[in-house]
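A structural walkthrough
Single-letter residue listing:
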Amino acid sequence: MSNRAQKNEEQPAIRVGFFELFRFATCKDILMMVVGCLCALLHGSAQPLMLLVFGLLTDAFIEYDIELQELSDDRKECVNNTIQWKKNYTAAYNLSAPINQLLDIEYEMMMFAFYYAGIGAAVFLLGYLQISLWVTAAAKQIQLIRKLYFSKVMRMEIGWFDCTSVGELNTRMSDDINKINDAIADQVSIFVQRFTTFVCGFCVGFVKGWKLTLVIIAATSLLLSINLLTGMELQAYAKAGSVADEVLSSIRTVAAFGGEKKEVQRYDRNLVSAQRWGIRKGLIVGFFTGFMWLVIFLCYGLAFWYGSSLVVDTKEYTPGTLLQVSHILSAMNLGQASPCLEAFASGRGAATIIFETIDREPEIDCLSEAGYKLDRVKGDIEFHNVTFHYPSRPEVKILDQLNVVVKSGETTAFVGSSGAGKSTAIQLIQRFYDPKEGMVTLDGHDIRGLNIQWLRSLIGIVEQEPVLFATTIAENIRYGRPGVSDKDIITAAKEANAYNFIMDLPQKFDTLVGEGGGQMSGGQKQRIAIARALVRNPRILLLDMATSALDNESEAVVQAALDKVRMGRTTISIAHRLSTIKNADVIVGFEHGQAVERGKHNELLERKGVYFTLVTLQSQGDKALNEKARQSRSSPLGMTKSTLLQSKCFERLIASIRRRSRSQLSNLIPENAFLEEDDELVEPASAARILKYNTPEWPYMLFGSIGAAINGGVNPVYSLLFSQILATFSVQDPVAQRKEINSICLFFVVVGIVSFFTQLLQGYAFSKSGELLTRRLRRLGFQAMLGQEVGWFDDHRNSPGALTTRLATDASQVQGATGSQIGMIVNSLANIGVALIISFYFSWKLTLLILCFLPFIALSSGFQASMLTGFAKQDKEAMEAAGQISGEALNNIRTIAGLGKEKTFVEMYEAQLDAPYQAALKKANVYGACYGFSQCIIFLTNSGSYRFGGYLVQKEGLHFSLVFRVISAIVTSGTALGRASSYTPDYAKAKISAARFFQLLDRVPQISVYNDKGEKWDNFQGNIDFIDCKFTYPSRPDIQVLNGLNVSVKPGQTLAFVGSSGCGKSTSVQLLERFYDPNHGKVLIDGHDTTRVNVSFLRSKIGIVSQEPILFDCSIAENIKYGDNLREISMNEVISAAKKAQLHDFVMALPEKYDTNVGSQGSQLSRGQKQRIAIARAIIRDPKILLLDEATSALDTESEKTVQEALDKARQGRTCIVIAHRLSTIQNSDIIAVMSRGIVIEKGAHDQLMALKGAYYKLVTTGAPIS
């Protein structure tokens, strides 16, 4: 038990005592567990009992053998079962009669057979009971824990969710609760059983022969010294993994700058340490296994040597006693209990957090009945000196002594820069948080005294990014108010301007909106959310940037809907677009968490305060396109809200997916979700192909196999030695006997030493070959990934997260199909082969009998191993449905709290828990029966074979030691077989992983970077023509992005694309880079069709600067050098490029100058600095074509000026394509192309277009949306 004490010190996190794990057990559960324990106690004593029988049996055989020897001396005879000298030994040889009086060995064996069979039957029953009772009891407790945990989590206040990530909660709900399950289910009974075996073994040993027992204990204490080491390998891989993640997240940049080969080499360099660790681990494991075998054989040698002297010299023991005691070694194997202890420790660790959550009282309990409800609600809201900071960031004060009055029936607009506390105020009204000081009142009542569910039922909220649940549109609206009629739903939809588009859908109100509303456009989601808020018929309407994420057209529609519904309700609206605010009754200006001014639009303009600056910033130049960027200037923090609006629609999608891939996406679509889908589709790979990748390591595998073969032969050799020892006890001549015993004991030592070295050899050789294979596969896989066309990465199954997981796990699992698997097979074959040869050689009849039992023995040990893995998978599947509900609930907890729907989700979740519970009950019986069977089979085998052995000894004169030899040889080889079969799940997993890998390696990319085919030409001009290009993104085939684009640029000209979001501006740039090929029409460069041009040649002529430049986690100089990966770049070139990009002075001011690390994704630098590095990177390529995709939009005015100058310098003498939202950056272009819906509607120079008075003119003069 000291073991557990140490565990406690290592993991201070375990604050749950072992017995506290059972705190949710009912009396019935406790009864089941107690009975289960009793069964386990009895079951545990069976093995030592079997030793007693075994000892008696051996004595019977030896006695019989000695009698036979005596009688073979013709001068003796047997009278009344005693052997004596014949009275007249010269008389005739009538020995035939007296022999009958000898020990009736067959009858004795019959008795022993009954003992064995009896113990076997009892073991079956006890094994079944102990497992099924414990598993059943655990299933009930776990179901309860799941219910309690989920319902408690759903009751937590929002602040708690700020401090706890959703991903973490999801893993806790699945993995941690499963860990508790492991700790309180069958493992307990197995531990009790093994511990009893251990204790009983000792008792038997001490009772039967304490001297020898002490000697053995002294020797085996060595064995307890080995239980260490793992997990370093994964850490070692982490470095390479982060490289892979970084590269895959910024695949477009890598492709644009042709950095694929460079990245593959960088990745490979980082794989070395992972490989070293893997090999070291193999060596250590080999060493420990070898050491264990060595100790075991030394122990046997010692035991037999010392024990035989006790038998022969001092006559203290019978040979049977010696056997009983020496076999305590096997009974004493406490090591078997260590996985149980591990399970207990991890269960207690997992329970710590879960139980603490269950016990935690939420600060704002949304399900409590407490608090009173007002009879009539007017809707006056007031903030009195409210001070607040978020629990997750206590050091940042968000609201500081805020005082605001919101009158009922009025529309109040909150304006101010980002981070001023507008949204926070709204969350306080919903009582998601309580203020630290001051109070919020509704009609003069402090809202903390009101019933939460009732309070929230008065409030309708429409957020910036509305959350829809994965069900139908009608159900989503119905979430607003339970039990609402279809008529009300339709009315609400009409009010929200959603009715028409819903009726246009094929399934109308029964259309599924997809996970997170993914099937709907932003405007549609927003209107459904408004309908959901309206159906509540709320007294108070909160609009938090409700239209900001929309394009201009949808905005107009949604805005109209909102204006309709504001009438007669208390409305608070937060917005950044002034058009939406002008007509509010009261405008409140926020700054630094205080309300600094309030009044109507005109009054505030005269005050020249916060509101005035916001307005003037926005009204300069072209409002429609300009305004978001300006805002972001007034609030550097507000980037997220504002850039989202103004980045173009497609880029917005991809970039936001890219930016979010880390956090939200992993929540929205759990990563394994995609991996699971692929599982079914993949045919396991052929072993031959896997081995082909491993061929360079054949010498390692050969030596490993030799080692494995020798290791396999060790088991049967042991049984040979063991039976040889028994034979010595019936030798009559003491000198010969002593000599034989000594030589056998010496042989034990030799076998031990040999086995030590072969284990070491096997461990090292196979881990070396396996790790080399893993490294090779990782490199090839990574190379194949980088070679895919960009469209392949748009598929959510190939998100950076999924791909890096694939590199990390699949590649390391594949080695399970080569080295270790071959070792296992060779080992088992050698084992069984040697055993069978020995057995058939000594007694073929007995061998045939035992072979009948062999399949069962193998099955049983294999079964025990596979049982655990098999059930885990079923449990996972059963929990899937519940997991989906919990995942959706936790991801959208704010929405659910706002709608007061916590109870509904808890009920849905509990309904889903029944299936896993039923599955667990079924499992309990199956698992119990199988466990009982696997435990009792060995007793039955012994019963049958010793009975038959007795018959052969008596009737056919087989020497008794051979009976032992044959039985133990085959039984040990049977268990070995089982061990081997337990490795098969790894093998199957390995083949599937390999198949997934080969799928990747075999995929032929549509646009290949690695091949050298394609046209190249010398005097590259940079003449670009788009001819009738049509295009849709492969990941969204239903949205036509380009509809026949026609535009051309002469060398050295600048072409500017303008147009609203989603009109295809960035797409045309991506076609030019050949990230995609047009579905129809063609892109010509210098008259060559891009689809025929060599990809890397084409990309090497193009430099790109995009809106969110992606930098790599290395120094500034290396980032700039990344611009040209085809040659070595001198530092002078880097500096001259930096000067051109207005970057040099800034870099020289840094302490480490050009060696400054930019941090992951360039996080150490400001936006303007990143942008200039990106420009230097583009310049160093000396490209003929320069693409500027919104290169200055994310900057504030000063950085913009600098960057703009740098760009103007860079444009000289190059063909240039500019995409921008600010007209100032476009005016001096040679050609301006106005795009809408994927086609060019007007083109020409600035002055021509102004003269045309068409779309461009309108855009410049009014800033109206381009439609």
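Residue numbers run consecutively from 1 along every chain, following the written order of its sequence. Side-chain atom pairs in this predicted model are given and counted only at pLDDT of 80 or more, local residue features only at pLDDT of at least 70, and totals for whole chains, interfaces and linings cover all residues. Hydrogen atoms and water are omitted, and side-chain values are computed over all heavy atoms in the structure.

The protein has the name Bile salt export pump in an unreviewed UniProt entry, where Astatotilapia calliptera is given as its organism. UniProt positions are given in the numbering used here, feature names are shortened, and annotations may be inferred rather than shown by experiment. According to UniProt, the comment filed for the protein under the heading Sequence similarities (unreviewed entry) is "Belongs to the ABC transporter superfamily. ABCB family. Multidrug resistance exporter (TC 3.A.1.201) subfamily."

Moving on, we come to the packing of helix α11 (residues 260-312) against helix α30 (residues 698-729). Helix axes are fitted only over the stretch in contact, all axes being lines through C-alpha atoms; the angle between N-to-C directions runs from 0 to 180 degrees. Helix and strand definitions here come from DSSP, where helices need a minimum of 4 consecutive H or I residues and strands a minimum of 2 consecutive E residues; each element is numbered from the N-terminal end. It is the contact of α11 with α30, at a shortest axis distance of 11 Å, that shows an interaxial angle of 5°. The pairing of α11 with α30 is recorded here as roughly parallel in orientation. Packed against α11, whose contacting residues are W293, F297, Y300, F304, S308, V311 and V312, the element α30 presents V714, N715, Y718, F722, I725 and F729 at the interface. A per-class count over the contact of α11 with α30 returns 11 nonpolar, 2 polar and no charged. Angle categories are assigned with fixed cut-offs, so that under 35 degrees is roughly parallel, over 145 is roughly antiparallel, 65 to 115 is roughly perpendicular, and the rest are oblique. Should any heavy atoms of two residues lie within 4.5 Å, those residues are considered in contact. Gly is put with the polar residues, along with every residue not named as nonpolar or charged; the nonpolar set is Ala, Val, Leu, Ile, Met, Phe, Trp, Tyr, Cys and Pro, and the charged set is Asp, Glu, Lys and Arg.

Once that is clear, we can look at the UniProt feature "transmembrane region" (unreviewed entry) in the protein. Here, UniProt's "transmembrane region" (unreviewed entry) annotation points to residues 30-57, 113-137, 188-207, 213-230, 283-306, 746-766, 822-842 and 848-871. Taken end to end, residues 283-306 has its terminal C-alpha atoms 34 Å apart, with 100% of it in helix and 0% in strand. Measuring from the first to the last C-alpha atom of residues 822-842 gives 30 Å, for a span that is 100% helix and 0% strand.

Their axes nearest at 10 Å, the elements helix α4 (residues 105-155) and helix α6 (residues 166-184) cross at an angle of 155°. Taken together, the axis directions place α4 and α6 in an arrangement best described as roughly antiparallel. Classified by chirality, the crossing of α6 by α4 is right-handed. On α6, the residues that touch W134, A138, Q141, I142, I145, R146, Y149, F150 and V153 of α4 are L169, R172, M173, I177, N178, I180, N181 and I184. In the contact of α4 with α6, the residues fall into 12 nonpolar, 3 polar and 2 charged. Each crossing is labelled by how the near helix is turned from the far one, with a counterclockwise turn of less than a right angle marking it left-handed and a clockwise turn marking it right-handed.

A positive phi angle is found at D443, which is not glycine, with a value near 50°. Following the sequence through the fold, D443 ends up in the loop between β6 (437-442) and β7 (445-446). For D443, a relative accessible area of 22% corresponds to the partly exposed category. Unlike most non-glycine residues, D1028 shows phi in positive territory, near 45°. Here D1028 is to be found in strand β13 (residues 1024-1032). Each residue is placed in one exposure class: buried if its accessible area under a 1.4 Å probe, protein chains only, is under 20% of its type's maximum, exposed if it is over 50%, and partly exposed if it falls in between.

This part takes up the sheet that holds strand β16 (residues 1080-1085). We treat two strands as partners when DSSP finds at least two bridges between them. As summarised here, the arrangement of the 4 strands in space is β14-β13-β16-β17, forming an open sheet in which the pairing is antiparallel. Every other strand in the sheet has two partners, leaving β14 (1040-1049) and β17 (1088-1089) as the edge strands with one partner each. Note: β13 against β16, 5 bridges, orientation antiparallel. If you follow K1030 over to β16, its bridge partner there is H1080. Lying over the sheet, helix α41 (residues 1065-1072) contacts β13, β14 and β16, oriented at roughly 115° with respect to β13.

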